[in-house]
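Residue-level structural notes
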Amino acid sequence: MQDIPINGLNGLSYLPSYFDRAGQDQLLDQIRAIVAEAPLFQPVMPKTGKPFSVRMSNCGRLGWVSDIRGYRYQPQHPETGLPWPPIPDALTRLWAEVAAAAPPPEACLINYYDQGARMGLHQDRDEQMFDAPVVSVSLGDTATFRVGGLSRKDPTKSFRLQSGDVVVLGGEARLAFHGIDRVLAGTSTLLKNGGRINLTLRRVNPA
Ligand code: MD3
Ligand code: FE
């Protein structure tokens, strides 16, 4: 476990290779089953309707969605209207290990990046509480991840996130600006057709 101070903010910890290859394969099978039931959708930016390059789904009681009306958490898939599938046990156990002080996760956002997909610098602030961390798991191709400070203008640092890596964003880093600059093609054999999956476990409401 590595604690990495960013612009003097505490609370970012990096757990490289938390999941070994067998653990990644098992998790991937479970994500495939979730996405079969709750298909990836293409979110669009509020107001402009500009599509994200990342496709998304969710599991858990709540899922994060973005459409012309805004960003929000909701209990149903935006296209099927069905409840989101449950969070896999391996992820609930991960949360219990790295976020033991927080109430259980309510949402797990599934981001799928194909080659060329990216995510601009943003803060995660659609949750009703910021004392619980966001816990991220990377699967598939390596990504270049950027983290800054509490202001968009603060300097940023870049890291590579590899398949099996976990990042815990708690404490002061919980509201840091961050984004994904690019996905490095051909860096993992986990996904047959390449690309990257990121899972983020989140607590949305106070306990
Ligand atoms: C740093 N996802 O879904 S996860 C997102 O790899 C998101 O798909 C990225 O940003 C991805 O909102 C990055 C790592 C992450 C998540 C939350 C953070 C880093 C963070 C919150 C504060 C600072
Ligand atoms: Fe984010």
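Residues numbered from 1 in each chain as written. Chains lettered and ligands numbered in written order. Predicted model: local features only at pLDDT ≥ 70, side-chain atom pairs only at ≥ 80, totals over all residues. Heavy atoms only, no water.

Relative to the assigned elements, Asp124 resides in the loop between strand 7 (119–122) and strand 8 (134–140). In terms of polar contacts, Asp124 uses its side chain to reach the side chain of His122, at 3.0 Å. Within polar-contact distance, the side chain of Asp124 engages the side chain of Arg202 at 3.1 Å. Not counting residues within four places of it along the chain, the set of residues in contact with Asp124 comprises Phe130, Val134, Arg174, Leu175, His178 and Arg202. (Helix = DSSP H or I, 4+ residues; strand = E, 2+ residues; numbered from the N terminus. Polar contact = N/O pair within 3.5 Å; in protein donor to acceptor, adjacent residues only side chain to side chain. Contact = heavy atoms within 4.5 Å.)

We now examine the sheet that holds strand 13 (residues 196–202). On the basis of which strands lie adjacent, the open sheet formed by 7 strands has the order 1-2-11-8-13-6-3 and antiparallel pairing. Taken across any chain shown, the strands that pair with only one partner, and hence form the sheet edges, are strand 1 (2–3) and strand 3 (55–60). Where strand 2 (residues 12–15) lies against strand 11 (residues 166–169), 4 bridges are found, and the strand directions are antiparallel. Note that in strand 11 the partner of Tyr14 across the bridge is Val167. (Pairing = 2+ DSSP bridges.)

Looking now at the pairing of strand 9 (residues 143–147). Of all 5 residues making up strand 9, 4 are buried, and the element is well covered by its neighbours. The pairing of strand 9 with strand 12 (residues 178–183) spans 5 bridges and is antiparallel. Within strand 12, the position partnered with Val147 by the bridge is His178. (Buried < 20%, exposed > 50% of the residue type's maximum accessible area, 1.4 Å probe, protein only.)

A few words now on helix 2 (residues 89–98). Every buried residue belonging to helix 2 is among Ala90, Leu91, Leu94 and Trp95, and all of these are buried. Taken around the axis of helix 2, the buried residues stretch over an arc of 140°, which confines them to a single face. Seen from the buried face of helix 2, the exposed residues on the opposite side, beyond 90 degrees, are Asp89, Arg93 and Glu97. Those residues of helix 2 that are buried lie in contact with helix 1 (21–37), strand 6 (107–113), strand 8, strand 11 and strand 13. (Arc of directions from axis to C-beta.)

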